[in-house]
Structure formats: C-alpha cells, structure tokens
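Report on the structure
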Amino acid sequence: MSQTNVSRRDVVRVGAAGIVGGLAGCSGGSGGAVTTADSSGADAAAESNDGAESDGDSTPTSTAVGASSGSFDGWLSGVENFDSVRDETGSDAVTVEVGVQNGSGAYGFGPAAIRISTGTTVTFEWTGRGASHNVVARDGAFESELTAEDGHTFEHTFESSGTVKYYCQPHRALEMKGVVVVE
Ligand SMILES: [Cu+2]
C-alpha cells in the first residue's frame, strides 16, 4: 500500500509539473521527463473515467446517456429496467437473471446490458417469475429452452467481440430484451 501512496504522490507532483510542462509540450513536446509525466497523467485520467462511469450507474443521468448513446440502435430504448451497461469485463463468472421486474411484470433480464471480455461464459438463470421465458440471440447464435422453472440455467460462451442483442421470444413485445457487449 505504501508503494501505491508513493506513486500516487508522484503522480500528483508530476501532475503539477505537468501544468508547466504541458504548456511547453503543447507547442513542441520537449523533454523525456515531460513524456513520462504525460503518460502517468493519462493512466490516472483513465482510472477516474472508469470511476465516473461506475458512479453514473446509479444516477438518473445515466439513463439519458444510455438513451442517447447506449441504447444500441434503439434495441433497449423501451426497456424500463435498463439504465446502464454493467461492466463485467474480467469477470470469470457472469450471471444474468431471466425474469426480473420490467414494465408490467417480471419480463426483464437483469441486468439488461452487460459488458464482458471475449471468451466469457454467461449463465442465464431463471427466477421462476413472469411465466415461461427463453433467451434468443437476434442473430441466431443461440437459443435456450423455453421454461418457467425457477433455477433453470442456460449458458453461452461469447467467443468473438461485438454486440449481441437478445430477447425472450414470448415477451419480446413487452420489451424483454438484453444486450451483451463482448470486448
Ligand atoms: Cu419472457
């Protein structure tokens, strides 16, 4: 932990120098020390951006962000239980509940949108609520059983990057839809 503190202090100190160095850097990019400072600053900025996204998950403003830039071409624009994409990149085991509250009943996937790493296996687990559901990829890549059984599971491993849109066939009109973003 002390190493973290030291490096964090270095970043702060470098950041202060970076204000001066940055001005020089803008007009021509000078010394190697400035370059180091810049890359440290970039790392710190990336981390704080991640934090901002996480914070956004629980705030109403993220709905607006999701609607404008993250509704996946409108696929999730009518999905009430979608507020933001849950970041599960790096997670070994990711579970999505089938049959969570959405609109008029348990016609949702929880969470409705996730981001995972390539090669991750997602387990869809039925809650037993909202009658019979299934999980069907819009592009036909997978289709689960149609069941109402509490605790039923269906697994799919996402082997290639991209955005996978899926739905529950009986409740597609009730906006029982989800998205898996594979990175
Ligand atoms: Cu359903």
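Now for a quick tour of the structure.

Rules of the game
- Residues numbered from 1 in each chain as written.
- Predicted model: local features only at pLDDT ≥ 70, side-chain atom pairs only at ≥ 80, totals over all residues.
- Heavy atoms only, no water.
- Helix = DSSP H or I, 4+ residues; strand = E, 2+ residues; numbered from the N terminus.
- Buried < 20%, exposed > 50% of the residue type's maximum accessible area, 1.4 Å probe, protein only.
- Areas by Shrake-Rupley, 256 points an atom, 1.4 Å probe, with all protein chains shown as cover.
- Donors = N, O, S within 2.8 Å, 3.2 Å for Na, K, Ca; no water.
- Tetrahedral: all angles 85-135°; square planar, octahedral: opposite > 155°, others 65-115°.
- Pairing = 2+ DSSP bridges.
- Contact = heavy atoms within 4.5 Å.

Right, let's talk about the overall build of the protein chain for a bit. Scanning the protein chain from terminus to terminus reveals three helices and nine strands. Its helices and strands in sequence order give the protein chain the pattern α-α-α-β-β-β-β-β-β-β-β-β, from N to C terminus. Counting across all 183 residues of the protein chain, residues that qualify as buried make up 34%. Carbon and sulfur atoms form 50% of the exposed surface of the protein chain, whose accessible area is close to 10,200 Å².

Take the coordination of the copper ion next. For a metal bound by four donors in tetrahedral geometry, the ideal donor-metal-donor angle is 109.5 degrees, whereas six donors in octahedral geometry ideally sit at 90 or 180 degrees. The coordination sphere of the copper ion contains the protein donors His-133 (ND1), Cys-168 (SG), His-171 (ND1) and Met-176 (SD), at a distance range of 1.9 to 2.6 Å. Coordination at the copper ion comes from four donor atoms whose angles at the metal span 88 to 130°, giving a geometry best classed as tetrahedral. Linear spacing of the donor residues for the copper ion on their chain is H-x34-C-x2-H-x4-M. Remark: Cys-168 occurs in the loop between β8 (162–167) and β9 (177–182) and His-133 occurs in the loop between β5 (121–126) and β6 (136–137); sequence separation between them is 35 residues.

Looking now at the sheet that holds β8. The mixed open sheet is built from five strands, whose spatial order is β1-β4-β9-β8-β6. Across the chains shown, the open sheet's two edge strands, defined by having one partner strand only, are β1 (86–87) and β6. Relative to β9, β8 runs antiparallel, the two being bridged by six bridges. Bridge pairing in β9 links Thr-163 to Val-181.

With respect to the element layout, Lys-177 can be found in strand β9. On the basis of relative accessible area, Lys-177 is assigned to the buried category, the value being 11%. Once residues lying within four places of it in the same chain are set aside, the contact partners of Lys-177 are Trp-75, Leu-76, Val-79, Phe-109, Ala-112, Tyr-166, Tyr-167 and Arg-172.

Along strand β7 (residues 153–157), the buried face is formed by Phe-154 and His-156; none of Thr-153, Glu-155 and Thr-157, which line the opposite face, is buried. With five bridges joining them, β5 and β7 adopt antiparallel strand pairing. Looking across to β7, one finds that Val-122 is bridged to His-156.

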